[in-house]
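Next come the chains, spelled out residue by residue.
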Amino acid sequence: MNIEDLIKIDRKRDEPLYMQVYLQIKGMVEKGIIKEGAKLPTIRKLSKSLGVNSVTIVNAYHMLEEKGLAYSIVGSGTYIGADGFRLDLSSDGELEPAENTYIPAGDEYINFASSNPSHELFPVEEFKGIFAEVLDRDGGLAFTYQESMGYRPLRESLARLLSEEGIKVNSRNILVISGAQQGLDIISKVLIEQGDNVLVERPTYAGAIAVFKSRGASISEVPLTEDGINIPYLEELLKKQSIRMLYVMPEFQNPTGICYSDEVKKEILRLSKEYRFFIVEDDFTSDIYYENRPSSFLSCGHSDNVIFIKSFSKVFMPGLRLAFMVLPDMLLDSIQAAKYTSDIATSGFFQRVLQLFLDKGLWRKHTEMLRAVYRARRDLMAECLNQMRDTGIMFNVPDGGLNFWLTLPEGFKDKQIYDEAIKEKVIVAPGSFFYLDSPEQKHLRLGFASTDEEEIKNGLKVIRKILTVSENKNFSHSEPLL
Ligand SMILES: Cc1ncc(COP(=O)(O)O)c(C=O)c1O
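Criteria and thresholds
Residues numbered from 1 in each chain as written. Predicted model: local features only at pLDDT ≥ 70, side-chain atom pairs only at ≥ 80, totals over all residues. Heavy atoms only, no water. Axes fitted to C-alpha atoms, helices over the stretch in contact; angles between N-to-C directions. Helix = DSSP H or I, 4+ residues; strand = E, 2+ residues; numbered from the N terminus. Parallel < 35°, antiparallel > 145°, perpendicular 65-115°, else oblique. Left-handed = near helix turned anticlockwise from the far one by under 90°. Contact = heavy atoms within 4.5 Å. Buried < 20%, exposed > 50% of the residue type's maximum accessible area, 1.4 Å probe, protein only. Domains from an automatic or database assignment. Buried area = accessible area lost by both parts, 1.4 Å probe. Salt bridge = Lys/Arg side-chain N within 4 Å of Asp/Glu carboxyl O. Polar contact = N/O pair within 3.5 Å; in protein donor to acceptor, adjacent residues only side chain to side chain. Nonpolar A, V, L, I, M, F, W, Y, C, P; charged D, E, K, R; others polar. Pairing = 2+ DSSP bridges. Expected span 1.5 Å × (residues − 1). Core = buried A, V, L, I, M, F, W, Y, C linked by side-chain atoms within 4.5 Å. 1 Å grid on protein atoms, 1.4 Å probe; cavity = no way out; pocket = protein on both sides within 12 Å on 5 of 7 lines; lining within 4 Å. Points joined across faces, edges and corners; volume = space filled by probe spheres on them. Near = heavy atom within 4 Å. Areas by Shrake-Rupley, 256 points an atom, 1.4 Å probe, with all protein chains shown as cover.

It is at 9 Å that the axes of helix α7 (residues 180-191) and helix α11 (residues 332-343) come closest, and there the two elements cross at 120 degrees. Judged on the interaxial angle alone, α11 and α7 are oblique. Between α7 and α11 the crossing geometry is right-handed. Contact residues: Gln-182, Ile-186, Ile-187 and Val-190 in α7; Ser-334, Ile-335, Ala-338, Lys-339, Ser-342 and Asp-343 in α11.

With that settled, the discussion passes to the environment of Ser-47. Within the secondary structure layout, Ser-47 lies in helix α3 (residues 43-50). The buried category is assigned to Ser-47, whose relative accessible area is 9%. When residues no more than four places from it in sequence are discounted, the contact partners of Ser-47 are Val-52, Asn-53, Ser-54 and Ile-57.

Attention now goes to the domain arrangement of the chain. Domain annotation for the chain reports domain 1 (3-81), domain 2 (131-360) and domain 3 (364-472). Using only C-alpha atoms to locate each centre, domain 2 and domain 3 end up separated by 27 Å. Taken together, both faces of the contact between domain 2 and domain 3 bury some 2200 Å²; the carbon and sulfur share is 56%. When the buried area of domain 2 at its contact with domain 3 is split by residue, Arg-202, Pro-255 and Tyr-290 rank highest and sum to 30% of it. Linking Glu-164 and Arg-364 is a salt bridge whose minimum nitrogen-to-oxygen distance equals 2.6 Å. At the junction of domain 2 with domain 3, the criterion picks out 13 residue pairs in polar contact (both at pLDDT 80 or more). Class assignment for the residues of the side of domain 2 that touches domain 3 results in 13 nonpolar, five polar and eight charged.

Moving on, we come to the sheet that holds strand β9 (residues 228-229). One open sheet holds the eight strands; their spatial order is β6-β13-β12-β11-β10-β7-β8-β9, and the pairing between them is mixed. Two strands in the sheet have a free side with no partner beyond their single neighbour: β6 (174-177) and β9. Docked against the sheet, α7 engages β6, β10 (245-248), β11 (278-283), β12 (306-311) and β13 (323-326), running at close to 155 degrees with respect to β12.

Take helix α12 (residues 348-359) next. Under the 1.5 Å per step criterion, the end-to-end length of α12 is 16 Å for twelve residues, consistent within 8% with the ideal 16 Å. In terms of burial, α12 is largely enclosed, as ten of its twelve residues are buried. Within the span of α12, buried status applies to Gly-348, Phe-349, Gln-351, Arg-352, Val-353, Leu-354, Gln-355, Leu-356, Phe-357 and Leu-358. Packing partners of the buried residues in α12 comprise α5 (124-138), α6 (152-164), β6 and α13 (362-386). Two residues or fewer after α12 comes Gly-361, characterised by a positive phi angle close to 80 degrees.

Burial in helix α8 (residues 206-214) covers these residues: Ala-206, Gly-207, Ala-208, Ile-209, Val-211 and Phe-212. Gly-216 occupies a position one or two residues after α8 and carries a positive phi of about 80 degrees.

Turning our eyes to something else, we now look at the nonpolar core. Ile-268, Leu-385 and Leu-446 are the most contacted members of the largest nonpolar core, which totals 96 residues. Shared between two domains, this core takes at least three residues from each, and those domains are domain 2 (131-360) and domain 3 (364-472). Ignoring any residue separated from it by four or fewer positions in sequence, one finds Leu-446 in contact with Phe-112, Met-381, Leu-385, Leu-402, Asn-403, Phe-404, Leu-406, Val-428, Leu-460 and Ile-463. Formed by 34 residues, the second largest nonpolar core is a distinct cluster that contains Ile-177, Leu-184, Met-245 and Tyr-247.

Below, the discussion takes up the layout of surface pockets. Reported here for the second largest pocket is a volume of approximately 710 Å³. Along its surface, the second largest pocket is lined by 25 residues, and Thr-225, Glu-226, Thr-256, Ile-258 and Asn-396 are the ones closest to its centre. Along the lines of polarity and charge, the residues of the lining of the second largest pocket split into twelve nonpolar, eight polar and five charged. Both of domain 2 (131-360) and domain 3 (364-472) provide at least three residues apiece to the lining of the second largest pocket.

Attention now moves to the site of the ligand. Of all residues adjacent to the ligand, which total 14 residues, the nearest are Ala-180, Asp-282, Ser-311, Ser-313 and Arg-321. Ser-311 has a polar side-chain atom sitting 2.6 Å from an oxygen atom of the ligand. Lys-314 places a side-chain nitrogen or oxygen 2.9 Å from an oxygen atom of the ligand. In isolation the ligand has 400 Å² of accessible area, and contact with the protein removes 97% of it.

In structure tokens form, the structure reads like this:
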């Protein structure tokens, strides 16, 4: 039977019609009548079959999304599923994670898949004051077009911020961008032509792979070791083909959490000069360190082929869409032009707000607070996972960043755990999403940024149960559990 045949509207009841539709679909999801991933009828079809206005269905679907019971894919439809980390079909039909897609949060899910910060930790009060200060100071000027390179005082503050971290750069080399993702996009527009060879870590951030693919790059993976990419492997690749760009995350790499040693960074720099390729360093979380701040390629001495991107999304507020790049002189003009054609300039108002936030010393206070909160969560997750070692899981406790990279016991597959966990309202990130080719299926990325302490304990109990119950039931682990 179709979903539309199961919904009944009663106009005599006080309950609004959209609420009736919402509650009935919710009930069917809870009873398992509608399964995870099922596509809901189109708005037109359901409104026609129920004889209600299409706005009624729009409101009902919207409510399902708000409660984390459904998500929509533009141009495709509305699907039953959890928030925060949904499986999305990329243009070439492969599954890829949409970890940064906005899907309203549903309280009932424990979300280990996201590595986005908890919004309760956003410095909203401080921002209110700064908003007012910027408006009083600059008035309408704050809303005019900004220079493409960015608001000059912010660029100077960013150069000072870096110098406090031991990185000397000239503010003229700083370009403010609307998120690191835009940075990757505009660099790729300038540097990558169809068929150019680009190297990425294995595993890596899927959002970067998507950008490089969109430029027609030929992408190869370089395996990671405990202190950075495998240098002999890299060197072999360099001998065989000319490489345009190497994309790396040397600070708490996503998803593995590893940091590059200085030796590995120096070797990469040496090779980049010998074989003439650009190093794109994506620093998305170096401020969240629990021992020592990891160092950047920029602090390993002068280099004119390193492009450094720093995102404020994981440590600050992703919705601000603010990040910056440090560019070598030779790329300044071309990348500035690409930024201009992309969005002219990043919001001048938010740039002014960030500049005051930095100059008032609030950034430092904020990141200190975040480190304290996340360290407590990391410690708790480490403690709970340590107690699960008898299941055969393996992991390193990360020295920074917002997630654990777990290796599953022999015979378990990441997507099986994902499927089992989501039934218990726990979302994990299957490790296979972070590979380009032949994905390893034995890892999970477990993030603690969007969870509180209770959720960490309860969510891990669910994972433990899946690992032990499945074992006792003697599942054939090479087959899907479902
Ligand atoms: C490694 C990495 N780089 C870049 C980004 C994109 O960051 P932004 O929000 O600044 O565009 C993300 C977001 O998840 C990320 O994980």
